[in-house]
Amino acid sequence: MHRALNIPEILRYICEYADDDTLATMARCARFLHDPVISVLWSVLSDLGPVIMCFPEDAWSLDGQNGLHVNRPLNHSDWARVLKYLPYVRQLGVAPSQVDYELKYDAWEAICTFRPTIVLFPNLRTIYWSPLRLLDRQMPHLLAMIGERLTKLDIGRVQHRADTNAALQAAFHIIKERFPHIRQFYVGRPNETAVWADDGTIESLSILACSLSSLASFCSTEIPLAQGALYSLARSKRLTWLCICLPSDATWAQVHVALQGERLFENLTGLELVTTTEAYIAFSAAMKLPHVRSLSLCLSDPSHPNLFATFFTAIRHQFSPAALRSLRILHSRNIGSLPWPSQALLTPIIHSAYLAPLLGFKRLRSFDLRLRSRYALDIHFYLNLAKSWSEIEELFVAYERGCWHDMVPTIQFLVTFAVHSPKLRHLGLCFDASLWSHPPELLAGGDNGTDADAREQLFGELANKPSTSQLNTLAVGYSNVVQPSYVAAFLSRVFPSLSSVETGDSPDHFNQYAKAEQWRMVNELLPLFRKSREDGQREHSQRTHASKEVASPDGSRSPSPSVEEAWAR
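Bear in mind that the values here come from a model prediction, so they are computed numbers and not experimental data.

A. Representation of the sheet that holds strand E5 (residues 102-103) in the model. Here we have three strands laid out as an open sheet, ordered E2-E3-E5, and mixed in their pairing. Strands at the two margins of the open sheet, each flanked by one partner only, are strand E2 (60-62) and E5. In the packing of helix H6 (residues 105-114) onto the sheet, the strands contacted are strand E3 (67-70) and E5, and the crossing angle to E3 comes to about 40°.

B. How the structure looks around the pairing of strand E8 (residues 184-187). Direction of pairing for strand E7 (residues 152-156) relative to E8: parallel, over a ladder of four bridges. Residue pairing in the sheet places Asp154 in a bridge with Tyr186 of E8. What joins E7 to E8 is helix H8 (residues 164-178), and the crossover it makes is right-handed.

C. Structural detail: a positive patch on the surface. Among the surface-exposed residues, Arg293, Arg363, Arg365 and Lys423 lie close enough to one another that they form a single positively charged patch. In this fold, Arg363 is placed in the loop between helix H15 (352-355) and strand E15 (366-370). Note on Arg363: relative accessible area 35%, which makes it partly exposed.

D. Inspection of the packing of aromatic side chains at higher detail. For the coordinates displayed, the defined rule picks out 17 aromatic pairs. Between Tyr186 and Trp241, the aromatic rings sit 5.9 Å apart at their centres with planes inclined by 55°, giving tilted as the arrangement. One end of the pair, Tyr186, is in strand E8; the other, Trp241, is in strand E10 (residues 241-245), and 55 residues separate them in sequence. Three or more aromatic residues joined by ring pairs make a cluster, and in this case those are Tyr280, Phe283, Phe308, Phe311, Phe312 and Tyr354. Looking at Arg316, its charged tip hangs above the ring of Phe361, at a distance of 5.7 Å from the centre.

E. Structural context of unusual backbone geometry. We note that Ala398 has phi near 45°; this positive angle belongs to a residue other than glycine. Inspection of the secondary structure assignment puts Ala398 in the loop between strand E17 (394-397) and strand E18 (404-405). With a relative accessible area of 0%, Ala398 lands in the buried category. You will see that Gln483, though not glycine, has its phi angle at about 50°, which is positive. Position of Gln483 relative to the elements: it lies in the loop between strand E22 (480-481) and helix H19 (484-494).

F. Inspection of helix H9 (residues 199-211) at higher detail. With 13 residues, H9 should cover 18 Å at 1.5 Å per step; its first-to-last C-alpha distance of 19 Å lies within 8% of that length. All of the buried residues in H9 are Thr201, Ile202, Ser204, Leu205, Ser206, Leu208 and Ala209. In the core, the buried residues of H9 are packed alongside H8, E8, strand E9 (217-220) and helix H10 (227-235).

G. Layout of the environment of Asn384. Its place among the elements puts Asn384 in helix H16 (residues 379-388). When the C-alpha atoms of Asn384 and Thr416 are compared, they prove to be 9.9 Å apart, with 32 residues separating the residues in sequence.

H. Region of the structure containing the side chain of Ser467. Examined against the element boundaries, Ser467 turns out to sit in the loop between helix H18 (449-459) and strand E21 (473-477). For Ser467, a relative accessible area of 10% translates into the label buried. A polar contact of 3.2 Å, which involves the side chain of Ser467, links it to the backbone nitrogen of Ser469. A distance of 2.6 Å separates a polar atom in the side chain of Ser467 from the backbone oxygen of Val494.

I. Seen up close, the nonpolar core. Phe185, Phe218, Phe265, Phe312, Ile315, Phe417 and Leu491 are the most contacted members of the largest nonpolar core, which totals 152 residues. The contact partners of Leu491, leaving out residues within four places of it in the chain, are Ile411, Leu414, Leu474, Leu498, Val501, Trp519, Val522 and Leu526.

J. Molecular detail of the side chain of Ser479. Residue placement: Ser479 occurs in the loop between E21 and E22. Once residues within four sequence positions are removed from consideration, Ser479 is found in contact with Leu429, Cys430, Phe431, Lys515 and Trp519.

K. Focus on the pairing of E9. Here E9 shows a buried face lined by Ser217 and Cys219 and a second buried face lined by Phe218 and Ser220. Relative to E9, E8 runs parallel, the two being bridged by four bridges. Note that in E9 the partner of Tyr186 across the bridge is Cys219. In the sheet, E9 pairs with E10 via four bridges, with the strands oriented parallel.

L. Highlighting H10. What H10 keeps buried is the set Gln227, Ala229, Leu230, Leu233 and Ala234. All buried residues of H10 fall inside an arc of 155° around its axis, so they share one side.

M. Region of interest: the packing of H8 against H9. Relative to each other, H8 and H9 sit at 15°, their axes nearing to 9 Å. Judged by the angle between their axes, H8 and H9 are roughly parallel. Of the two elements, H8 crosses H9, and the hand of that crossing is left-handed. On the side of H8, the interface is formed by Asn165, Leu168, Gln169, Phe172, Ile175 and Lys176, while H9 contributes Gly200, Thr201, Ser204, Leu205, Ile207, Leu208 and Ser211. Grouping the constituent residues of the contact of H8 with H9 by class yields six nonpolar, six polar and one charged.

N. Highlighting the sheet that holds strand E14 (residues 349-351). Reading across the sheet, the three strands line up as E14-E16-E18 and stay open at both edges, with parallel pairing between neighbours. Looking at the sheet topology across the chains shown, the edges are occupied by E14 and E18. In the sheet, strand E16 (residues 374-376) pairs with E18 via two bridges, with the strands oriented parallel. Bridged to Tyr375 within E18 is His405.

Rules of the game
Residues numbered from 1 in each chain as written. Predicted model: local features only at pLDDT ≥ 70, side-chain atom pairs only at ≥ 80, totals over all residues. Heavy atoms only, no water. Pairing = 2+ DSSP bridges. Helix = DSSP H or I, 4+ residues; strand = E, 2+ residues; numbered from the N terminus. Contact = heavy atoms within 4.5 Å. Axes fitted to C-alpha atoms, helices over the stretch in contact; angles between N-to-C directions. Right-handed = clockwise from strand over helix to strand, strands pointing away. Patch = residues over 30% accessible without salt bridge, like charges linked within 9 Å, V, L, I, M, F, W, Y side chains within 5 Å. Areas by Shrake-Rupley, 256 points an atom, 1.4 Å probe, with all protein chains shown as cover. Salt bridge = Lys/Arg side-chain N within 4 Å of Asp/Glu carboxyl O. Lys, Arg positive; Asp, Glu negative; His and termini not counted. Charge placed at Lys NZ, Arg CZ, Asp CG, Glu CD. Buried < 20%, exposed > 50% of the residue type's maximum accessible area, 1.4 Å probe, protein only. Phe/Tyr/Trp six-rings, centres within 6.5 Å; stacked < 30°, edge-to-face > 60°. Lys NZ or Arg CZ within 6 Å of the ring centre and 35° of its normal. Expected span 1.5 Å × (residues − 1). Polar contact = N/O pair within 3.5 Å; in protein donor to acceptor, adjacent residues only side chain to side chain. Core = buried A, V, L, I, M, F, W, Y, C linked by side-chain atoms within 4.5 Å. Arc of directions from axis to C-beta. Parallel < 35°, antiparallel > 145°, perpendicular 65-115°, else oblique. Left-handed = near helix turned anticlockwise from the far one by under 90°. Nonpolar A, V, L, I, M, F, W, Y, C, P; charged D, E, K, R; others polar.

Below is the structure:
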């Protein structure tokens, strides 16, 4: 055995990177390795299956469908090995779960009934409830087995059963009494608005939210909070991330008067709201959030044409241009079916002027707009967008299904993003790549005026210089496209680091299938153009180096090729 293994820090480091099979082997091969290895092996449990399997072999079994059962009553001696290992557990639940068995109810009942001590997990810090694959009515019983050191509880999406509300109310009461120092609490998932909770569950969660003074992160999208609970969270000094379903019946004007002069959400940097358009406008007028760096707004109601201008202006007024770095605006997944083209004419229109206030966020690094609506965004809007957000790294503008455009820029306009958005790495945009009526001389050399004019018209500011864009992925939705080879050559020239072109998901008619196939061809051609360009640059570099070393007899050097000739190669 190497002497380095006697150093606890090195041994711990090795154990953290070893897989479970290796750890089990290490624990059996040497006595001095057993305890440190076991502490890592048992630190994370995918579910309660390993607990059952630590009982004597005659106490449990797997049926023909991999159901895990307990066969007999458990006595005190059966728990000896289990009680030795459970204090090592720090996390319960792993997503996604990789186990190939199912914990049956009789196994769960045996743990609850025959456990020799109330607390089975004295040092547990984190619970992910959904991967445990237990029923919601079992949640209070599991929480009763946990020590008071729990700091993170992720309930996830709950099952909408008849007894769900009663189970959650009991669970929230236990959390309030036993885990006052919990720092991260999540119920539901962002962007989902299946509000089903009854008044008792809403009241229980609101009381819980008011009592958790150490909260740093809080999420509840399926259960709305009472207005008083929101006041309590707003006054918290430790809260840094908040994701909630904004109450639509709140009297925000009274809130503004009641909380005037108080410092609200002073350390909040991340905010995700599931809200109606009107509720958000009223909320934005009640309180300013100058420290928020990341904002996600998920609208749970259909678009309102009369509120669009006010809605986007409210965002600009509530948040600080100096702080905001990420902005995401979309509709909830549960809002209903997507509009078909025949219904698009009835969909409210988002004009360029409505979005203009958002251009004031000069330090944005990520922007994602996916409202299911019609868009009338002119070329000047996209130009101002590229010039205003010089630090943008991710930009997605209405390129998915359900977003209908009255007008889109041509493919040549992408040059604007290559020139004015030097940090842009991911772009999602609808544009027209079908205007290749004749094969253009994309990489033509020579010095005649015709070629120069063609390059100027096609490449604009990049006509006589290479692109330094860092764009890596381009999402095109179902943008029009013909001549995939010319499109691929153009994109490779404008975005030299481009590695992937992504189309929309789930095409639903022949036209979309045809467009997806054309863009697939573009995606396949990109590596060929990139390789050709790299070979040309390498050849140009070699010739330039050789011309510097081999000079003519009179001391002059061979002339270097022009920029046009270099790009032509």
